[in-house]
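Coordinate analysis (summary)
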Amino acid sequence: MRHHSIQPQRGFFPQPVYLIGTYKDNGEPNFALITWVTFCSVEPPMLMFASRGKKLTRELVEKHKMFSANLVTSDMMPVADYFGTQSGYHQNKCEAIHVDTFQGSSLAVPILKDSPWVYECALVDVIEKENSSIYIGEVKNILVDETIEDVGYGKIDMYDLDPLIYAPGKYYNISESIGNVGFSKK
Ligand SMILES: Cc1cc2nc3c(=O)[nH]c(=O)nc-3n(C[C@H](O)[C@H](O)[C@H](O)COP(=O)(O)O)c2cc1C
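- The name an unreviewed UniProt entry assigns to the protein is Flavin reductase family protein, from the organism Fusibacter paucivorans.
- UniProt, in the comment section headed Sequence similarities (unreviewed entry), describes the protein in these words: "Belongs to the flavoredoxin family."
- The UniProt entry for the protein carries this comment under Cofactor (unreviewed entry): "FMN".

1. A look at the overall build of the protein
- Scanning the protein from terminus to terminus reveals 4 helices and 12 strands.
- Taken over C-alpha atoms, the radius of gyration comes to 17 Å for the protein, in line with the 16 Å a tight globule of 186 residues would show.
- Across its three principal axes, the protein shows a C-alpha extent of roughly 55 × 45 × 35 Å.
- For the protein, the proportion of its 186 residues judged to be buried stands at 39%.
- Within the protein, counting contacts between residues at least 6 apart in sequence, those at least 24 apart form 60% of the total.
- Carbon together with sulfur atoms contributes 52% to the accessible area of the protein, which is approximately 11800 Å² in total.
- A gap of 10 Å separates the mean positions of the 17 positive and 23 negative side-chain charges of the protein.

2. Some words on the nonpolar core
- Grouped together as the largest cluster of nonpolar side chains are 18 residues, with contacts concentrated most on Leu47, Phe49, Phe67 and Tyr119.
- Of all the secondary-structure elements, those providing two or more residues to this core are strand S2 (18–23), strand S5 (46–52), strand S6 (66–71), strand S9 (117–128) and strand S10 (132–144).
- Counting residues in each nonpolar core, the second largest holds 13 residues, with Leu33, Val72, Ala80 and Leu164 among its members.

3. Side note on the packing of aromatic side chains
- Enumeration according to the criterion identifies 7 aromatic pairs in this entry.
- With centroids separated by 5.8 Å and ring planes inclined at 55 degrees, the aromatic side chains of Phe39 and Tyr119 adopt a geometry described as tilted. Of this pair, Phe39 sits in strand S4 (residues 37–41) while Tyr119 is found in strand S9, placing the two residues 80 residues apart along the sequence.
- In this structure Phe39 comes out as partly exposed when scored by relative accessible area, which is 42%.
- Taking the relative accessible area as the measure of exposure, Tyr119 reaches 10% and is therefore buried.
- Ring centres of Phe49 and Phe67 lie 5.1 Å apart, and the angle between their planes is 85 degrees; this geometry places the pair in the edge-to-face category. Of this pair, Phe49 sits in strand S5 while Phe67 sits in strand S6, placing them 18 residues apart in sequence.
- When its relative accessible area of 1% is taken as the criterion, Phe49 is described as buried.

4. Observations concerning the pattern of salt bridges
- Applying the stated criterion across every chain, the model contains 4 salt bridges.
- The shortest N-O distance in the salt bridge between Asp25 and Lys63 comes to 2.6 Å. With Asp25 in the loop between S2 and strand S3 (29–34) and Lys63 in helix H1 (residues 56–64), this pair connects stretches of sequence that are 38 residues apart.
- For Asp25, a relative accessible area of 56% corresponds to the exposed category.
- Its salt-bridge partner being Glu59, residue Lys54 comes within 3.0 Å of it at the nearest N-O pair.
- Judged by its relative accessible area of 39%, Glu59 is partly exposed.

5. What to know about the site of the ligand
- Within the structure, the ligand sits among 20 residues, and Leu33, Ser51, Thr57, Gln86 and Gly88 are positioned closest to it.
- Take Leu56: an N or O atom from its main chain is 3.1 Å from an oxygen atom of the ligand.
- Note that an oxygen atom of the ligand is positioned 2.9 Å from one of the side-chain N or O atoms of Ser87.
- In isolation the ligand offers 650 Å² of accessible surface; the protein chains occlude 86% of this area.
- Among the secondary structure elements, those contributing two or more residues to the shell around the ligand are S3, S5, H1 and helix H2 (77–85).
- If you tally residues by element for the shell around the ligand, the top one is S3, at 4 residues.
- The residue makeup of the shell around the ligand, split by class, is 9 nonpolar, 8 polar and 3 charged.

Thresholds, definitions, all that
Residue numbers here run from 1 along each chain, matching the order of that chain's written sequence. Two thresholds apply to this predicted model, a pLDDT of at least 70 for residue-level local features and 80 or more for giving and counting side-chain atom pairs, whereas whole-chain, interface and lining totals are computed over all residues. Note that the side-chain values use all heavy atoms of the structure and ignore hydrogens as well as water. UniProt positions are given in the numbering used here, feature names are shortened, and annotations may be inferred rather than shown by experiment. Counting from the N terminus, the helices are DSSP H or I runs at least four residues long and the strands are E runs at least two residues long. Atoms considered for the radius of gyration are the C-alpha atoms alone. The globule rule reads 2.2 Å times the number of residues to the power 0.38. Partly exposed describes any residue whose relative accessible area lies between the buried limit of under 20% and the exposed limit of over 50%, with all areas from a 1.4 Å probe on protein chains only and scaled to the type maximum. Residue contacts are counted whenever heavy atoms from the two residues lie within 4.5 Å of one another. Reported accessibility uses the Shrake-Rupley method at a 1.4 Å probe radius. Residues are deemed covered only where the shown protein chains occlude them. Just so you know, the count uses Lys and Arg for positive and Asp and Glu for negative, and it drops His and the chain ends. Charge positions come from single atoms, namely NZ of Lys, CZ of Arg, CG of Asp or CD of Glu. Within this scheme, the nonpolar core is defined by two criteria: the residues are buried Ala, Val, Leu, Ile, Met, Phe, Trp, Tyr or Cys, and they are joined through side-chain atoms within 4.5 Å. Each Phe, Tyr or Trp ring, with Trp reduced to its six-membered ring, pairs with another whose centre is within 6.5 Å; inter-plane angles below 30 degrees give stacked pairs, above 60 give edge-to-face pairs, and intermediate values give tilted ones. A carboxyl oxygen of Asp or Glu within 4 Å of a side-chain nitrogen of Lys or Arg is what we treat as a salt bridge. Residues are counted as near a molecule or strand when any one of their heavy atoms sits within 4 Å of it. Between N or O atoms, a polar contact is any pair within 3.5 Å; within protein, one atom must be a potential hydrogen donor and the other a potential acceptor, and residues adjacent in sequence are included only when both atoms are from side chains. Amino acids are sorted into nonpolar (Ala, Val, Leu, Ile, Met, Phe, Trp, Tyr, Cys and Pro), charged (Asp, Glu, Lys and Arg) and polar (every other residue, Gly among them).

Here it is in structure tokens:
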């Protein structure tokens, strides 16, 4: 392979797809599609996401100091795309696309009924950058689809979760697992 240099840009591949949930002051749930998201601590477990520009989600996370992070399945793609292209400032997005939600078990954050794996997070830190912020949340609870039997670390089958994957401009699903971690040592 021969390489050439290109201008620094925000292309980054692949990206996980989560819907970050918050409650508005009037009690309506709101979700934003966020793909700049990753785990960042084990003890205690922490998750972080980055958000740039003016967004209702940023205001609500900063105000209420909590959020949910709902894994998006490939079936949820139309819902996710809507939440990622419409702002909740002037509409009730959940009502507009008819999604069912309920309140988290540990925190007052909205949970999407169709998401099989959801983190309830308490905001512990915000790192400010030029036009964006990194929000770090401590995971207080994880809500998992009851039909998933073995939730042990490394045991979850991605086919059960069927996560949507994002790479700039396009959504993908996963095709197959091609190895277990550590196989090269054997
Ligand atoms: C595929 C996709 C990925 C996105 N990823 C992010 C992201 O990582 N961070 C972010 O701030 N906004 C991201 N957005 C944009 C927000 O989801 C969008 O601005 C949303 O309308 C914000 O809603 P709100 O104003 O109700 O919070 C993404 C949008 C799409 C379509």
